[in-house]
Amino acid sequence: MAAAEPVALGATQRWASRRRRARTSLAGARGLVGLAVALLSALVFATSGTLAKGLLTAGWSPGAVVLARVLVGGLVLAVPAALQLRGRWHLLRADGRTVVAYGLVAVAGCQLAYFSAVQTLSVGVALLLEYLAPALLVLLAWARGRRPAPLVLAGTVAALAGLVLVLDLTGSVRVDAVGVVWGLLAACGLAVYFALSARPGAGLPPLALAAGGLLVGALALAVAGAVGVLPLETARGDVALAGAQVPWWVAVLALALVAGALAYATGIVGARRLGERTASFVGLTEVLFAVLVAWLLLGELPAPVQLLGGVLVVGGAAAVAAGERRPSA
């Protein structure tokens, strides 16, 4: 009887060890899938500038481009979101505040603040301010008593340094105080985007949150345009897209489907799998992808310093992801 006890104990330990290995393997696979989805989101988000450039050159105002992007994207996602809900409309009501906050702050507010910053700042400076969001999330967690690991801090510094290099902020840069405030507000909106995207909430499916948030954001942008806060100017002529002349509605559909519906939906899925802080640092690769997309479609060749910055951004994001996984392990 006494001899059977060590055997049973050993079998129990081996079973527990196998369960731990299985959980670790599952968590690793889930993290890799989340990383792939988050990178896809950053890539399609990065196409927004290139896809919108033809519309802006043809006479569309930035506000009109953003409104078309989120409105059409929200309408496209509404059908699969309804199918994903399967009649469980109570989930939408239970997470109503999250949907409204996502649409007003993460979609409409963030983009309004960014375009307001661009009016008085260079695009590079405005982007740099907006992408302070990952650092804000780290500082917020620190203020709440969750001290970041040294690897997370090192990754934060490396990613932000790489971001500066990717933006290639050389030459004379005009800095306006009001523009800086708008840029910091855009960073807060982007931080809210990652925080709300990562929240499981009451079980609202990612497509439902994306569709609801985009439609709420579109409504807010339309109201801002109606009261004169946001200029909404459009043009009906052909626009340039990837070196060809296409009807304006083709450019709008490409922008809304790729940089709107697909970008926000994959962004929510990736953030829920990775967590808000890791997803926010992976989102820094959007700037790198934007440089590469402009190179491929517009012939704008990135400088060597930008490529070096891209390496730092990716390395910093990987360090943050590794540092975030260690406490749970």
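- As recorded in an unreviewed UniProt entry, the protein chain goes by the name Threonine/homoserine efflux transporter RhtA, listed as coming from Pseudokineococcus lusitanus.
- On record in UniProt, under Sequence similarities (unreviewed entry), the comment for the protein chain is "Belongs to the EamA transporter family."
- Under the UniProt heading Subcellular location (unreviewed entry), the note attached to the protein chain is "Cell membrane".

### Points about the overall build of the protein chain
Piece 1. Each helix and strand in the protein chain was counted, giving 13 helices and two strands.
Piece 2. Taken across its 329 residues, the protein chain has 44% of its residues classed as buried.
Piece 3. Taking the contacts inside the protein chain whose residues are at least 6 apart along the sequence as the reference set, 87% of them involve residues at least 24 apart.

### Things to note about the packing of helix α2 (residues 62–85) against helix α10 (residues 248–274)
Piece 1. The N-to-C vectors of α2 and α10 enclose an angle of 65 degrees; their axes lie 8 Å apart at closest approach. Remark: the crossing between α2 and α10 carries right-handed chirality. Residues Val65, Ala68, Arg69, Val72, Gly73, Val76 and Leu77 of α2 form the contact with α10, whose own contacting residues are Val252, Leu253, Leu255, Ala256, Leu257, Ala259, Gly260, Ala261, Tyr264 and Ala265.
Piece 2. Taken together, the residues that form the contact of α2 with α10 break down as 14 nonpolar, two polar and one charged.

### Here's the deal with the state of the cysteines
Piece 1. The full count for this structure, using the stated rule, is zero disulfides.
Piece 2. Its sulfur unpaired, Cys110 is 9.6 Å from the next cysteine sulfur, which belongs to Cys188.
Piece 3. In this structure Cys188 comes out as partly exposed when scored by relative accessible area, which is 41%.

### Digging into the nonpolar core
As a rule of thumb, soluble globular proteins bury nonpolar side chains together.
Piece 1. The biggest cluster of nonpolar side chains holds 54 residues, and the ones touching the most others in it are Tyr102, Tyr193 and Tyr264.
Piece 2. In terms of residues, this core owes the most to one element, helix α9 (residues 206–226), which gives eight residues.
Piece 3. Each residue touching Tyr102, except ones within four places of it in the same chain, is listed here: Val107, Tyr193, Leu196, Ser197, Leu209, Gly213, Tyr264 and Ile268.

### Considerations on the confidence of the model for the protein chain
Piece 1. The pLDDT averaged across the protein chain works out to 77; a share of 78% of its residues lies at or above 70.
Piece 2. Taken element by element, the predicted model of the protein chain shows its lowest mean pLDDT in helix α1 (residues 4–57) (67) and its highest in α9 (90).

### Comments concerning a nonpolar patch on the surface
Piece 1. A contiguous nonpolar patch, built from Val76, Trp249, Leu253 and Leu257 and spanning about 350 Å² of accessible area, is present on the exposed surface.
Piece 2. In terms of residue count, the dominant contributor to the nonpolar patch is α10 (three residues).
Piece 3. With respect to the helices and strands, the residue Leu253 is situated in helix α10.
Piece 4. Residue classification places Leu253 among the partly exposed residues on the basis of a relative accessible area of 36%.

### Description of the packing of aromatic side chains
Piece 1. Tallied over the entire structure, the rule returns five aromatic pairs.
Piece 2. With 5.9 Å between their ring centres and 35 degrees between their planes, Trp60 and Trp248 make a pair best called tilted. Linking Trp60 in the loop between α1 and α2 with Trp248 in helix α10, this pair joins segments that are 188 residues apart in sequence.
Piece 3. Judged by its relative accessible area of 6%, Trp60 falls in the buried class.
Piece 4. A relative accessible area of 24% means that Trp248 is categorised as partly exposed.
Piece 5. Relative to Tyr193, the ring of Tyr102 lies with its centre 6.0 Å away and its plane at 40 degrees, an arrangement referred to as tilted. Linking Tyr102 in helix α4 (residues 96–120) with Tyr193 in helix α8 (residues 177–198), this pair joins segments that are 91 residues apart in sequence. Accessibility assignment for this pair places Tyr102 and Tyr193 in one class, buried.
Piece 6. Within the aromatic cluster, the residues linked to one another by ring pairs are Tyr102, Tyr193, Phe194 and Tyr264.
Piece 7. It is Arg236 that lies over the ring of Trp248; its NZ or CZ is 4.8 Å from the centre.

### Some points on α2
Piece 1. The first and last C-alpha atoms of α2 sit 33 Å apart over 24 residues, in line with the 34 Å expected at 1.5 Å per residue.
Piece 2. Arg86 occupies a position one or two residues after α2 and carries a positive phi of about 55 degrees.

### Digging into the side chain of Arg69
Piece 1. Within the secondary structure layout, Arg69 lies in helix α2.
Piece 2. Residue class for Arg69 comes out buried when judged on its relative accessible area of 9%.
Piece 3. Separated by 2.8 Å, the side chain of Arg69 and the backbone oxygen of Ala259 make a polar contact.
Piece 4. Those residues in contact with Arg69 that sit more than four places away from it in its chain are Phe45, Ser48, Gln111, Leu255, Ala256, Ala259, Gly260 and Tyr264.

### Things to note about helix α6 (residues 133–143)
Piece 1. Within α6, the full set of buried residues consists of Ala133, Pro134, Ala135, Leu137, Val138 and Ala141.
Piece 2. Of the residues flanking the end of α6, it is Gly145, one or two places downstream, whose phi is positive at about 100 degrees.

Thresholds, definitions, all that
- Residues numbered from 1 in each chain as written.
- Predicted model: local features only at pLDDT ≥ 70, side-chain atom pairs only at ≥ 80, totals over all residues.
- Heavy atoms only, no water.
- UniProt positions renumbered as here; feature names shortened; annotations may be inferred.
- Helix = DSSP H or I, 4+ residues; strand = E, 2+ residues; numbered from the N terminus.
- Buried < 20%, exposed > 50% of the residue type's maximum accessible area, 1.4 Å probe, protein only.
- Contact = heavy atoms within 4.5 Å.
- Axes fitted to C-alpha atoms, helices over the stretch in contact; angles between N-to-C directions.
- Left-handed = near helix turned anticlockwise from the far one by under 90°.
- Nonpolar A, V, L, I, M, F, W, Y, C, P; charged D, E, K, R; others polar.
- Disulfide = S-S within 2.5 Å.
- Core = buried A, V, L, I, M, F, W, Y, C linked by side-chain atoms within 4.5 Å.
- pLDDT = per-residue confidence, 0-100.
- Patch = residues over 30% accessible without salt bridge, like charges linked within 9 Å, V, L, I, M, F, W, Y side chains within 5 Å.
- Areas by Shrake-Rupley, 256 points an atom, 1.4 Å probe, with all protein chains shown as cover.
- Salt bridge = Lys/Arg side-chain N within 4 Å of Asp/Glu carboxyl O.
- Phe/Tyr/Trp six-rings, centres within 6.5 Å; stacked < 30°, edge-to-face > 60°.
- Lys NZ or Arg CZ within 6 Å of the ring centre and 35° of its normal.
- Expected span 1.5 Å × (residues − 1).
- Polar contact = N/O pair within 3.5 Å; in protein donor to acceptor, adjacent residues only side chain to side chain.

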